[in-house]
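# Observations on chain architecture
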Amino acid sequence: MFNFFRSKPKNYTDLYCEEFNKGMNAKDAVILDVRSAGEFQSGRLKGARNIDIMSPNFQSQIQHLPKDKKYYIYCRSGNRSGQACEIMSEMGFEHTYNMAGGIMSWPYDVV
């Protein structure tokens with residue numbers, strides 16, 4: 001019969017701030033901030049690249065990124081970054097990490 005409550009499995013990993021912080025400092029890590037440009041300007045993680053998930057050309061910007069890197073993705077609360085991880089997974093990215101709780105839960109410095 002129907003199973004309306006079964007959710008599909010995630011193709012990415014949620015990481016809390018401490019794990020996210022460790023991972024984003026790896027040599028093959030790319031940090032993506034998927035918030036708006038205004039949010040990005042108000043404070044971001046050092047080394048982060050801004051690609052707004054709400055932009056109509058989000059997928060075309062993502063498709064040009066190398067797929068052999070590890071992507072550490074965040075937004076304000078973890079929702080948009082989770083969506084970005086899912087989109088990237090569907091596009092063939094195998095290593096996507098979502099900051100659970102978003103930058104609102106980030107205990108470290110921002111620039």
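Next up on the list: the overall build of the protein chain. What the protein chain contains, in helices and strands, is 4 helices and 5 strands. From first element to last, N terminus to C terminus, the protein chain shows the α and β order β-α-β-α-β-α-β-α-β. Since a compact globule built from 111 residues should have a radius of gyration of about 13 Å, the 14 Å found for the protein chain is in line with a globular shape. Expressed along its principal axes, the backbone C-alpha trace of the protein chain runs to roughly 50 × 30 × 30 Å. For the protein chain, with 111 residues in total, the buried portion stands at 41%. Accessible area of the protein chain: about 6800 Å², with a carbon and sulfur share of 50%.

Further remarks concern the side chain of D33. Tracing the chain through its elements places D33 in strand β2 (residues 29-33). In this structure D33 comes out as buried when scored by relative accessible area, which is 0%. Beyond its immediate stretch of four places on either side in the chain, D33 contacts F40, R44, A48, R49, N50, I51 and Y74.

We now examine the nonpolar core. In this structure, L32, F58, I62 and I73 are the most contacted members of the largest nonpolar core, which totals 16 residues. Of all the secondary-structure elements, those providing two or more residues to this core are α3 (58-62), β4 (70-74) and α4 (79-90). The element best represented in this core is α4, accounting for 4 residues. Ignoring anything within four residues of it in the chain, the contact list for F58 reads V34, I51, D52, I53, A84 and I87. In terms of nonpolar packing, the next biggest core, distinct from the first, is built from 15 residues, L15, M24, A29 and I103 among them.

Conventions adopted
Residues numbered from 1 in each chain as written. Predicted model: local features only at pLDDT ≥ 70, side-chain atom pairs only at ≥ 80, totals over all residues. Heavy atoms only, no water. Helix = DSSP H or I, 4+ residues; strand = E, 2+ residues; numbered from the N terminus. Rg over C-alpha atoms; globule rule 2.2 N^0.38 Å. Buried < 20%, exposed > 50% of the residue type's maximum accessible area, 1.4 Å probe, protein only. Areas by Shrake-Rupley, 256 points an atom, 1.4 Å probe, with all protein chains shown as cover. Contact = heavy atoms within 4.5 Å. Core = buried A, V, L, I, M, F, W, Y, C linked by side-chain atoms within 4.5 Å.

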